[in-house]
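# Chain and residue survey
Residue strings, one per chain:
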Amino acid sequence: MSKRINWIDTMRGIAIFAVVLGHTLRNATMVYPWLYCFHVPMCVYISGLVFSRRQICFSQFLKKKITSLMVPYYCFAILSILLYAILGNYMEKSIGGGYNLTLKDSICGMLYANAGSGLMRWNMPLWYIPMMFVLLIAAYFIYARNMSTKYGMLIFAVSIILGVLCYSIINLDGLPFGCETAIYLFPFFALGMVVKHFIPKIENAHWYIRILTGAILIVLGTVLSPANGQISYNADYYGNNGYMYFVLTAICLITGFTLCVSVFRNGVACIDYVGRNTMPIMLMHKFPILFFVGVLGMTKRLVNSFPLCGSIIVAICSVGLSCVAAEIIYRILPWMLGKEGRLR
């Protein structure tokens, strides 16, 4: 996709905020399992919406993804491990954890890059980055010769079948770089690759039709989600009713949000800004959350007394602080965030 579409940045902002809020709530309300039904799939779906090979050779593509994904991953993994080595015991007690990783464990966790191993307690959200690296490398070859709508629909269907086979029959889990999670989440990337062909039609549809249809899909996904229980991407557990039920519920919610958000063709400025900073937020949001939930007494009491409202406030503050930190890093060491200069 050559032209940046503002409402897609708005969707990015919603998705990353849902991730941060989910990490703040810690299973405190009914909203928690609902968020986990769609927030990570929506992030993967948006990557499919904006994916382009741009006729570059694999070595260039690989270099770009190493620069934009793996360099930030290793930089913040090392930083997180150092902080954990110094403050690990206090951090675990402050959040009620039951782990106490050695430095060797943490380094092994960084290199293996699968949160299901239990060795990434120093910054669990980072599992997403190497998983996306694997997924995008696979996408480069899968969509190498054909990016047509029909081919995209075929890949979407095949990826769901593969996910069902790996989850229900093979029970694939625990692979390095979260390779199995990349397989389970690939249908959402493939869905984004299909939907991107229909963006002009979506934008030209009457706004009230998009709002009504989107609202119906969101309500349907919300009604379906409680029966499936809690999702865990770290553990590759997709609910009580299985993988297909999870995929169906997530698709309802994701397509519902797509239709509703597309009404705001010019985006929503403050949310767009968050959406353009998803990488630094993913890398850094655990630090302010730990501070607000585990250290600062006022916000800790607020979250304990009013879980949803308190968690929303903490999530907003955590996103804001991550963006401030990102602006500083972009000016001093932009390569740490996978950029050559300040994000525009």
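Residues numbered from 1 in each chain as written. Predicted model: local features only at pLDDT ≥ 70, side-chain atom pairs only at ≥ 80, totals over all residues. Heavy atoms only, no water.

### Topic: the packing of helix α14 (residues 297-305) against helix α15 (residues 307-332)
Here is the rule: Every axis corresponds to a line fitted to the C-alpha atoms, with the helix fit spanning only the stretch in contact, and the corresponding angles, defined between N-to-C directions, vary from 0 to 180 degrees. Helix and strand definitions follow DSSP, with helices as H or I runs of at least four residues and strands as E runs of at least two, each counted in order from the N terminus. Throughout this description, any angle smaller than 35 degrees is read as roughly parallel, any larger than 145 degrees as roughly antiparallel, any in the 65 to 115 degree range as roughly perpendicular, and the remainder as oblique. Contacts are assigned to residue pairs with any non-hydrogen atoms lying within 4.5 Å of each other. The classification used treats Ala, Val, Leu, Ile, Met, Phe, Trp, Tyr, Cys and Pro as nonpolar, Asp, Glu, Lys and Arg as charged, and all other residues, Gly among them, as polar.
Taken N-terminus to C-terminus, the directions of α14 and α15 make an angle of 140 degrees; their axes are 5 Å apart at the nearest point. Relative to α15, α14 is oriented oblique. Contact residues: α14 offers T299, L302, V303, N304 and S305, while α15 offers P307, G310, S311, I313 and V314. Here the residues of the contact of α14 with α15 are counted per class, giving 5 nonpolar, 5 polar and no charged.

### Section: the state of the cysteines
The test is simple: When the sulfur atoms of two cysteines come within 2.5 Å, that pair is taken as a disulfide. Burial status follows relative accessibility: with a 1.4 Å probe on protein chains alone, a residue under 20% of its type maximum counts as buried, one over 50% as exposed, and anything between as partly exposed.
Tallied over the full model, the rule gives 0 disulfides. No disulfide involves C166; its sulfur sits 11 Å from that of C179, the nearest cysteine. The class of C166 is buried, set by a relative accessible area of 6%.

### Some details on the side chain of T24
Stated precisely, the cut-off is as follows: Think of a polar contact as two N or O atoms within 3.5 Å of one another; within protein, one of them needs to be a possible hydrogen donor and the other a possible acceptor, and neighboring residues in sequence only count if both atoms come from side chains.
Summarising the element assignment, T24 is placed in helix α1 (residues 6-25). A relative accessible area of 1% means that T24 is categorised as buried. Within the structure, the side chain of T24 is placed 2.8 Å from the backbone oxygen of V20, a separation counted as a polar contact.

### Comments concerning the nonpolar core
For clarity, the threshold we go by: Buried Ala, Val, Leu, Ile, Met, Phe, Trp, Tyr and Cys residues form a nonpolar core when they are joined through side-chain atoms within 4.5 Å.
W122, F188 and F189 are the most contacted members of the largest nonpolar core, which totals 103 residues. The dominant element in this core, judged by the number of residues it contributes, is helix α2 (residues 31-50), at 12 residues. Those residues in contact with F189 that lie beyond four places of it in its chain are V44, Y45, S47, G48, F51, L135, L136, A139 and Y143.

### Quick notes on the environment of I202
Turning to its location among the elements, I202 is positioned in helix α8 (residues 199-204). As for I202 and A115, which are separated by 87 residues in sequence, their C-alpha atoms are 37 Å apart.

### Some remarks on the packing of helix α13 (residues 286-295) against α15
The condition that has to hold: Two helices that cross are described as forming a left-handed crossing if the nearer one is turned anticlockwise from the farther one by less than a right angle, and a right-handed crossing if clockwise.
Taken N-terminus to C-terminus, the directions of α13 and α15 make an angle of 140 degrees; their axes are 8 Å apart at the nearest point. As summarised for this structure, α13 and α15 are arranged oblique, according to the angle between their axes. Handedness of the crossing formed by α13 with α15: right-handed. Residues P288, I289, F292 and V293 of α13 lie in contact with α15, whose contacting residues are V314, C317, S318, L321 and S322.

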